[in-house]
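What follows is each chain in one-letter form.
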Amino acid sequence: MAKIISSPGKYVQGAGEMKRLGTYGEKYGSHALVLISSGGQKRTGGLIEESFKGTGCSVSFEVFNGECSKNEIARVASVMEEKGCDLVIGVGGGKIFDTAKAAAYKCGVPVIICPTIASTDAPCSALSVIYTDEGVFEEYLFLPKNPDMVLMDTEIIAKSPVRLTMAGIGDALATYYEARACYRSGANNCVGGNATEASMALAKLCLDTLLEEGVKAKIALEAGACTPAVEKIIEANTLLSGIGFESAGLAGAHAIHNGLTVLEECHHMYHGEKVAFGTIAQLVLENVSAEELEDTVLFCIELGLPVTLKELGVNEIKPEKIMEVAKAACAEGDTLHNMSFPVTPETVYAAIMAADATGRYFLG
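Bear in mind the structure is a predicted one, so any value in this text is a computation, not a measurement. (Residues numbered from 1 in each chain as written. Predicted model: local features only at pLDDT ≥ 70, side-chain atom pairs only at ≥ 80, totals over all residues. Heavy atoms only, no water.)

Draft legend 1. Region of the structure containing the packing of aromatic side chains. Taken as a whole and judged by the stated rule, the model has five aromatic pairs. Within the aromatic cluster, the residues linked to one another by ring pairs are Y131, F137, Y140 and F142. Directly above the aromatic system of Y131 lies the positively charged group of K95, at a separation of 4.2 Å from the ring centroid. Against the face of Y176 rests K204, its NZ or CZ located 5.9 Å from the ring centre. (Phe/Tyr/Trp six-rings, centres within 6.5 Å; stacked < 30°, edge-to-face > 60°. Lys NZ or Arg CZ within 6 Å of the ring centre and 35° of its normal.)

Draft legend 2. Representation of the sheet that holds strand β1 (residues 11-14) within the structure. An order of β1-β8-β5-β4-β2-β3 is seen for the six strands of this open sheet, with the pairing classed as parallel. Strands at the two margins of the open sheet, each flanked by one partner only, are β1 and β3 (58-63). The average angle at which neighbouring strand axes cross in this sheet is 20 degrees, direction not considered. One ladder, built from six bridges, connects strand β2 (residues 31-36) with β3; its direction is parallel. Among the inter-strand pairings, H31 is bridged to a residue of β3, identified as S58. Those strands touched by helix α2 (residues 38-52) are β2, β3 and β4 (87-92), and its axis lies near 175 degrees from that of β3. (Pairing = 2+ DSSP bridges. Helix = DSSP H or I, 4+ residues; strand = E, 2+ residues; numbered from the N terminus. Axes fitted to C-alpha atoms, helices over the stretch in contact; angles between N-to-C directions. Contact = heavy atoms within 4.5 Å.)

Draft legend 3. A look at the side chain of T238. Take T238: it is sitting in helix α8 (residues 228-248). Given the relative accessible area of 0%, T238 is considered buried. (Buried < 20%, exposed > 50% of the residue type's maximum accessible area, 1.4 Å probe, protein only.)

Draft legend 4. Highlighting the state of the cysteines. Counted according to the given criterion, the structure contains zero disulfides. With no disulfide of its own, C85 lies closest to C57 among cysteine sulfurs, the gap being 8.8 Å. C107 takes part in no disulfide bond, and the closest cysteine sulfur to it belongs to C85, at a distance of 8.8 Å. For C107, a relative accessible area of 21% gives the class partly exposed. (Disulfide = S-S within 2.5 Å.)

Draft legend 5. Summary view of the pattern of salt bridges. Using the criterion set out here, one finds 19 salt bridges in the structure. The salt bridge involving E292 is made with R180; its shortest N-O contact spans 3.0 Å. Of this pair, E292 sits in helix α11 (residues 290-303) while R180 is found in helix α6 (residues 162-185), placing the two residues 112 residues apart along the sequence. Owing to a relative accessible area of 11%, R180 belongs among the buried residues under this scheme. E213 is paired through a salt bridge with K216; the nearest N and O atoms lie 3.0 Å apart. Placement of both E213 and K216 in helix α7 (residues 197-222) is noted, with a separation of three residues, approximately one turn of the helix. Taken together, the shared-partner salt bridges connect E62, E72 and R75 into one network. (Salt bridge = Lys/Arg side-chain N within 4 Å of Asp/Glu carboxyl O.)

Draft legend 6. Layout of α2. The terminal C-alpha atoms of α2 lie 19 Å apart, and with 15 residues this matches the ideal 21 Å at 1.5 Å per residue to within 8%. Maximum bend of α2: about 60 degrees, positioned at T44. Within the sequence span of α2, burial applies to G40, T44, G45, I48, S51 and F52. Those residues of α2 that are buried lie in contact with α1 (21-25), β2, β3, β4 and α5 (154-157). The positive-phi residue at the C-terminal boundary of α2 is G54, with phi of around 80 degrees. (Expected span 1.5 Å × (residues − 1). Bend = angle between axes of the 7 residues up to and from the residue.)

Draft legend 7. Inspection of helix α13 (residues 345-363) at higher detail. For α13, with 19 residues, the first-to-last C-alpha span of 27 Å sits near the 27 Å given by 1.5 Å per residue. Inspection of α13 places V348, A351, I352, A355, D356, T358 and G359 among the buried residues, and these make up the whole buried set. Buried residues in α13, looked at end-on, bunch into an arc of 160 degrees, giving them a common side. Exposed residues on α13 whose side chains face more than 90 degrees from its buried face are E346 and Y361. In this fold, the buried residues of α13 make contact with α9 (252-260), α10 (271-286), α11 and α12 (319-329). G364 sits one or two positions beyond α13 and adopts a positive phi of about 75 degrees. (Arc of directions from axis to C-beta.)

Dropping the structure here:
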């Protein structure tokens, strides 16, 4: 099996970079469709329009419907064809990016990803996570190429709700632990190969950066400051985690996240918040050292990430409901089977319940 590493064509990070979006965009197309939320358009639409003035690329806006579903992807692709767009730009958060990437693939055009938050590692990947229109995980759509460009305006991201960046840390926290699991089992990464040493090094750098800079970044963001710690966390949440998960592989944490989507009471939680709990459950499943488990749980608590089912919104823990989560996490083709040992709904159920108990223990 070949070793393969995958990454976006270009990654740009810095304060004020959104003002140059049009200049970047004209290198890829002549008519861009900007996929954005209605709130996002109110906040940054004028800035984006201004950035395209005087360039060789015109711009149209389309409001995202809220869910990265097959229906929404088809709708956006239809709008692009109707308006003659030869470039799509996803502005906002993870589900917008995944929809933009999938629509670009469907239409055969370039895609630029422009996050206004640092809440997931979705921007850099050649992957769209498909949900039903109701928000239940359906499947992974693996795309033939990564985004042509990822643009991170740290000035805008630093003004976003602190909880979103912390959720991004929760998503990124899984990167090394899942990469390590795939490396041990020899499982394929998300691009059909084995992990390179470079991808493993980036996954480890991601974890080290989170542990070193995460609390400092939280304090700075709560003070409204964009410090070097914040810049490093934005890069870790986006680039390091993005390349790390895609090129080293996914395992238990994200599969357990997918299982949690069957619980309606968890739907209000962010992706990375559910992944953080999934990471703890994976570590329990692996029976890691007490020190590693404790460090991970305490780090999550310090950042305000959920470490119990109650913190995820599950106020009444019914065994049959948690077993449904475990069964969904063990679905055929999901990444839980990338672990280096056999998994069953019963063992995953036990890991989830023990992770919940561990979280309650350390919360006191």
